[in-house]
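Spelled out from the first residue to the last, the chains are:
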There are 2 protein chains.
Amino acid sequence: MTKQERGIRSRQAILEAAAEVFDLRGYDAAGTNEILARTGLTRGALYHHFPSKEAIALAVLDAHGAALTAVPEHASRLQSVIDLGFAFADRLRTDVVLRAAVRLAVERTSLTRPAVTPYEQSRAVVRALLADAAERGETLPGLDPDEAADVVIAAFTGVRVMSQVYTDRADLPERLTALWRTLLPGLAAPGMISRLRTTPPTPDGDAATSARSR
Amino acid sequence: MTKQERGIRSRQAILEAAAEVFDLRGYDAAGTNEILARTGLTRGALYHHFPSKEAIALAVLDAHGAALTAVPEHASRLQSVIDLGFAFADRLRTDVVLRAAVRLAVERTSLTRPAVTPYEQSRAVVRALLADAAERGETLPGLDPDEAADVVIAAFTGVRVMSQVYTDRADLPERLTALWRTLLPGLAAPGMISRLRTTPPTPDGDAATSARSR
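All figures in this text were calculated on a predicted structure; none of them were measured in a lab.

Caption draft 1: Region of interest: the overall build of chain A. When helices and strands are counted, chain A shows 11 helices and zero strands. Mapped in sequence order, the helices and strands of chain A form the string α-α-α-α-α-α-α-α-α-α-α. Expressed along its principal axes, the backbone C-alpha trace of chain A runs to roughly 60 × 35 × 35 Å. Restricting to contacts in chain A with at least 6 residues of sequence separation, those with at least 24 account for 65%. Only carbon and sulfur atoms are counted for the fraction: they give 52% of the accessible area of chain A, which is about 9600 Å². Charged side chains in chain A number 26 positive and 26 negative. The centres of these two groups are separated by 4 Å.

Here it is as structure tokens:
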């Protein structure tokens, strides 16, 4: 392992240890001592990579955007929006840095959030998909993609929060299915609804959708 | 002022000071020193009323339930659900104890939440109203009031959180209106939608509704 590789590894170790502590306690109650104890690194090594706790938090927040770059491709843009939510939910289960990012993004703390918050990124992606869906006639006539994107992002956030409170996120997919069942009549053109899958995608792609839309 | 009155006042002062600190920093980062500094009371006085920070937090959480006891009465139960949300939003603006309660209710902290969380209370009230609405034919055929109540509570929570992140709750009423416009087609019987007001009630009661439904 070269010196550069070791540097990348210890930066990632700090980021993950910090994410665990942010996810558990929030920004203000997170201490750098606890973060250090989880990595086994020295305080010098920590400050070599990040000058402050704030710098670590901002790096954690950056992770949120990356979770949105892979938009699931579908003939239907509404299906892409739905599956983006399921993919995000799935990544939350395995990715502690993303879990910490969504907590830091909505929590009131002493941290000054960057001007472009992670939520701006989610909103931009969902808004573009909904605008495209509207152009293709997938949505209700007169739907405002900006307003609809705000509602979708907010509702997703609420479902994520409630699922964490009640089941530590175990029931997040089922809660998302219930959310889409309720939201779609207010978003989708009536003919679209029966063609949209509101359950998580199956591992072998769109088999469930095809079976249902036949 | 009798000794008993003074006791009630100082208990309330502690509760409000603690709520300010919980609302600002969350449970784990809130310190009893800061709470005391805001009341001007002694530590002895604090412990006379509350044996621990946890005891204060549990008293704050109790406040949430009280915000739900006054269900707005309407001929339509769906309108009652909508107006319950607007009343709740309105109280959040003026009531710091309620603001702290909703933060404590959803935040991951070292606080062990009571078995009946404040969200259980919200859910029970909304579920009962939706079940009643379903019996009266106000809802879509086949609507499951339990599932619908979960979606409504989660979506409200998400809208509240996003409104706080972006505008410190200033745009909460407008966001609720957008939410109801999107949610109602998936909840209400088609004939009901035009009869429901999705804007905050006017101070002189239901004038807006009556004007619109004529």
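Caption draft 2: Structural detail: the relation of the copies chain A and chain B. The transform that puts chain A on chain B rotates by 180 degrees and translates by 0.0 Å along the axis, for an RMSD of 0.0 Å. The operation mapping one copy onto its partner corresponds to a two-fold rotation axis. Comparing interface residues between copies, 100% of those in chain A also sit at the interface in chain B, which points to an isologous, same-surface contact.

Caption draft 3: Region of interest: the side chain of D171 of chain B. Residues and elements named next belong to chain B. With respect to the helices and strands, D171 occurs in the loop between α8 (145-167) and α9 (172-183). Overall, the relative accessible area of 19% leaves D171 in the buried class. Polar contacts involving the side chain of D171 include one to the side chain of S163, which spans 2.7 Å.

Caption draft 4: Molecular detail of the interface of chain A and chain B. In this complex, chain A contributes 38 residues to the contact, which on the side of chain B involves 38 residues. Summing both partners gives a buried area of about 3200 Å² for chain A against chain B, and 61% of it is carried by carbon and sulfur. It is R108, Y166 and T182 of chain A in chain A that bury the most area against chain B; as a group they hold 21% of the surface buried on that side. Our enumeration of links across chain A and chain B arrives at six salt bridges. For R181 of chain A, the salt bridge goes to E147 of chain B, with nearest N and O atoms at 2.7 Å. The tally of links from chain A across to chain B stands at eight residue pairs in polar contact (both at pLDDT 80 or more). For the side of chain A that touches chain B, the secondary structure elements donating two or more residues are α1 (3-25), α6 (96-106), α7 (118-135), α8 (145-167) and α9 (172-183) of chain A. Counting residues per element, the side of chain A that touches chain B draws most heavily on α8 of chain A, at 14 residues.

Caption draft 5: Geometry of the packing of aromatic side chains. In this structure the tally under the stated criterion is four aromatic pairs over all chains. A centroid spacing of 5.6 Å and a plane angle of 85 degrees characterise the contact between F88 of chain A and F156 of chain A, whose relative ring orientation is edge-to-face. Of this pair, F88 of chain A sits in helix α5 (residues 77-94) while F156 of chain A sits in helix α8, placing them 68 residues apart in sequence. For the cation-ring pair, R123 of chain A lies above Y166 of chain B, with the distance from its terminal atom to the ring centre recorded as 4.8 Å. A cation over a ring is seen here: K53 of chain B above Y27 of chain B, with NZ or CZ 4.5 Å from the ring centre.

Caption draft 6: Broad picture of empty space enclosed by the protein. A complete count under the given rule lists seven cavities of 30 Å³ or more for this structure. In this structure, the largest cavity spans a volume of roughly 350 Å³. Contributing to the lining of the largest cavity are 21 residues, with V106 and E107 of chain A together with V106, E107 and V161 of chain B lying nearest its centre. Looking at the lining of the largest cavity, the elements with two or more residues in it are α6 and α8 of chain A together with α6 (96-106) and α8 of chain B.

Caption draft 7: Local environment of unusual backbone geometry. Residues and elements named next belong to chain A. Residues other than glycine seldom take positive phi values, yet D168 does so here, at roughly 55 degrees. One non-glycine residue, R169, lies in positive phi territory at about 80 degrees. Note on placement: R169 falls in the loop between α8 and α9.

Caption draft 8: A look at the side chain of T182 of chain B. Relative to the helices and strands, T182 of chain B resides in helix α9. By relative accessible area, which is 6% here, T182 of chain B ends up buried. Within the structure, the side chain of T182 of chain B is placed 2.9 Å from the backbone oxygen of A178 of chain B, a separation counted as a polar contact. When sequence neighbours within four positions are dropped, the list of residues in contact with T182 of chain B reads V151, L183, G186 and L187 of chain A.

Caption draft 9: The confidence of the model for chain A, seen in detail. Residues and elements named next belong to chain A. On average, residues of chain A score 89 in pLDDT, and 92% of them are at 70 or above. Mean pLDDT values over the elements of chain A span from 41, in helix α11 (residues 207-213), up to 97, in α9. Every residue in residues 207-214 is under pLDDT 50, and counting partners more than four places away or in other chains gives eight contacts.

Caption draft 10: Up close: the packing of α8 of chain A against α9 of chain B. The interhelical angle for the contact between α8 of chain A and α9 of chain B, taken along N-to-C directions, is 90 degrees, at an axis separation of 10 Å. The pairing of α8 of chain A with α9 of chain B is recorded here as roughly perpendicular in orientation. Between α8 of chain A and α9 of chain B, the contacting residues are E147, D150 and V151 of chain A on the first element and R175, A178, L179, R181 and T182 of chain B on the second. Its residues assigned to classes, the contact of α8 of chain A with α9 of chain B comprises three nonpolar, one polar and four charged.

Caption draft 11: Seen up close, the domain arrangement of chain A. All names here are of chain A. What the domain assignment lists for chain A is domain 1 (3-53) and domain 2 (63-199). A separation of 30 Å is found between the C-alpha centroids of domain 1 and domain 2. Across the domain 1/domain 2 interface, buried area totals approximately 920 Å², and carbon plus sulfur atoms make up 64% of it. Where domain 1 packs against domain 2, one counts one salt bridge.

Rules used throughout
- Residues numbered from 1 in each chain as written.
- Chains lettered and ligands numbered in written order.
- Predicted model: local features only at pLDDT ≥ 70, side-chain atom pairs only at ≥ 80, totals over all residues.
- Heavy atoms only, no water.
- Helix = DSSP H or I, 4+ residues; strand = E, 2+ residues; numbered from the N terminus.
- Contact = heavy atoms within 4.5 Å.
- Areas by Shrake-Rupley, 256 points an atom, 1.4 Å probe, with all protein chains shown as cover.
- Lys, Arg positive; Asp, Glu negative; His and termini not counted.
- Charge placed at Lys NZ, Arg CZ, Asp CG, Glu CD.
- Least-squares fit on C-alpha atoms with pLDDT ≥ 70 in both.
- Buried < 20%, exposed > 50% of the residue type's maximum accessible area, 1.4 Å probe, protein only.
- Polar contact = N/O pair within 3.5 Å; in protein donor to acceptor, adjacent residues only side chain to side chain.
- Buried area = accessible area lost by both parts, 1.4 Å probe.
- Salt bridge = Lys/Arg side-chain N within 4 Å of Asp/Glu carboxyl O.
- Phe/Tyr/Trp six-rings, centres within 6.5 Å; stacked < 30°, edge-to-face > 60°.
- Lys NZ or Arg CZ within 6 Å of the ring centre and 35° of its normal.
- 1 Å grid on protein atoms, 1.4 Å probe; cavity = no way out; pocket = protein on both sides within 12 Å on 5 of 7 lines; lining within 4 Å.
- Points joined across faces, edges and corners; volume = space filled by probe spheres on them.
- pLDDT = per-residue confidence, 0-100.
- Axes fitted to C-alpha atoms, helices over the stretch in contact; angles between N-to-C directions.
- Parallel < 35°, antiparallel > 145°, perpendicular 65-115°, else oblique.
- Nonpolar A, V, L, I, M, F, W, Y, C, P; charged D, E, K, R; others polar.
- Domains from an automatic or database assignment.

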